[in-house]
Amino acid sequence: MSSAETTPSGKKILLAEPRGYCAGVDRAVETVEKALEKHGAPVYVRKEIVHNRHVVETLMNRGAIFVDETDEVPEGALVVFSAHGVSPAVHDSAADRNLRTIDATCPLVTKVHQEAKRFARDDYDILLIGHEGHEEVEGTAGEAPDHVQLVDGPDSVDRVTVRDESKVIWLSQTTLSVDETMQTVSRLREKFPLLNDPPSDDICYATQNRQVAVKAMAPQCELVIVVGSQNSSNSVRLVEVALQAGANASYLVDYARDIDLAWLEGVQTVGITSGASVPEVLVRGVMDLLQEHGFDGVESVTTAQETLTFALPRELRPARTK
Ligand code: SF4
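The rules behind these values
- Note on numbering: residues in each chain are counted from 1, in written sequence order.
- The predicted origin of the model limits local features to residues at a pLDDT of at least 70 and limits the giving and counting of side-chain atom pairs to 80 or more, whereas totals for whole chains, interfaces and linings rest on all residues.
- Values shown for side chains rest on all heavy atoms present in the structure; no hydrogens or waters enter the calculation.
- Paired strands, as defined in this entry, are two strands with at least two bridges between them according to DSSP.
- Each helix is a run of DSSP H or I of at least 4 residues and each strand a run of E of at least 2, with the numbering of both proceeding from the N terminus.
- Lines fitted to the C-alpha atoms define the axes, with helices restricted to the stretch that makes contact. Angles between their N-to-C directions range from 0 to 180 degrees.
- By definition, residues are in contact when any of their heavy atoms lie within 4.5 Å.
- Working definition: residue near molecule or strand if any one of its non-hydrogen atoms lies within 4 Å of it.
- Only Asp, Glu, Lys and Arg are considered charged, only Ala, Val, Leu, Ile, Met, Phe, Trp, Tyr, Cys and Pro nonpolar, and every remaining residue, Gly among them, polar.
- Per-residue accessibility, obtained with a 1.4 Å probe over protein chains only, is compared with the maximum for each type, and a residue is labelled buried under 20%, exposed over 50%, and partly exposed between these values.

Undergrad: I tried to follow the sheet that holds strand S3 (residues 64–67) on my own but got confused; where do I start?
TA: Sheets are built from strands that pair by backbone hydrogen bonding, the pairs being arranged parallel or antiparallel. Taken together, four strands build an open sheet; the order of strands is S3-S2-S4-S5 and the sheet is parallel. The outermost strands of the open sheet, each flanked by one partner alone, are S3 and strand S5 (100–103). For this sheet, the mean inter-axis angle between neighbouring strands, taken without regard to orientation, is 30°. As defined by bridge partners, strand S2 (residues 43–46) adjoins S3 across four bridges and the pair is classed as parallel. In the strand pairing of S3, Val45 is matched with Phe66. The sheet strands contacting helix H3 (residues 88–96) are S2, strand S4 (78–81) and S5, and the helix crosses S4 at an angle near 175°.

Undergrad: Please explain the site of the ligand as it appears in this structure.
TA: Every residue lining the ligand is accounted for by Cys22, Gly24, Val25, Cys106, Leu108, Val109, Thr174, Thr175, Cys204, Tyr205 and Ala276. Counting only elements with at least two residues in the shell around the ligand, the list comes to helix H1 (23–39) and helix H4 (107–121). Of the residues assigned to the shell around the ligand, the class counts are eight nonpolar, three polar and no charged.

Undergrad: Honestly, the environment of Val32 in this entry has me stumped. Any pointers?
TA: Its location among the elements puts Val32 in helix H1. Among the residues examined, Val32 registers a relative accessible area of 0% and is labelled buried. Non-local contacts of Val32, meaning those with residues more than four positions away in its chain, are made with Val45, Ile49, Leu59, Ala64 and Val80.

Undergrad: Got a minute to help me understand unusual backbone geometry in this structure?
TA: Excluding glycine, most residues fall at negative phi; most peptide bonds, likewise, are trans. Across the junction of Glu17 and Pro18, the peptide omega takes the value 10°, indicating a cis bond. Secondary-structure assignment places Pro18 in the loop between strand S1 (12–17) and H1. Here the bond from Ala41 into Pro42 is cis, since omega is -5°, no more than 30 degrees from zero. Mapped onto the elements, Pro42 comes out in the loop between H1 and S2. Even without a glycine there, the phi angle at Lys47 is positive, about 70°. Within the secondary structure layout, Lys47 lies in the loop between S2 and helix H2 (53–61). Lys47 gets classed as buried once you look at its relative accessible area, which sits at 14%. Of note, the phi angle at Asp123 is positive, near 65°, even though the residue is not glycine.

Below is the structure:
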């Protein structure tokens, strides 16, 4: 933890570190930017490239057109697939319409797709822990629909049935609460003692790191503000983790203007973090607003350093010179 500046009011901000953009989001946003530079507008994007309002609106202003499905994209046009991944059926429907595609699926989501394919090939029942309706879950389940069952939290374990209890594996969405997922796994294991674990963590490094930082920060805060959008799974989880870790209150905001000043009454220490799809400029906006209201000490709570980066999709990498 860095040293705090002392302030007359004693009111201070704690800043969780790491927070904000992860390697997969950085790559996905840059993919759309580079596609616009290289091919010109419009560039179609299936679903929100990442779950953040500000990012989506900024890219729309630069010429990206967001659609729900590939059948909304004109024949032969260019479409980018979002960081959350797509099922083989989506690739097929894009091919049927002669779309040119660039796949911005995060490599850590692709890893879970590969696991699903591999265990389906070996005829396992795959119990995919995740949130019903989330795009990532739809993409992963679509790799092996006959083998995958969705398990949406500990309470849905009772409904799970399998064909052969000796061939069952759990996998998960990348952006879940680590603690809640472990509760779900232990309920599954009570029911299926031979349950196999994934070959490596499916909950990604960025999700885990942001939750660890919030857990360290929250007990020192009366209020934790999480910057992120309502449809961002990892951001919503950060609010839950903050409350479980001891913050009196925690709220999710897209922008500083979403903050209700009544939240600040009687508060001496506000913690701030942001989801993996949130640009730092939005965190700066929240800090500016808090500083205007007397929170002029800033201290960071650092639990990890992140250095991971991912190469752009092949179609957008610079051509090699001979
Ligand atoms: S949150 Fe994790 S899985 Fe999702 S884009 Fe970021 S690094 Fe990839």
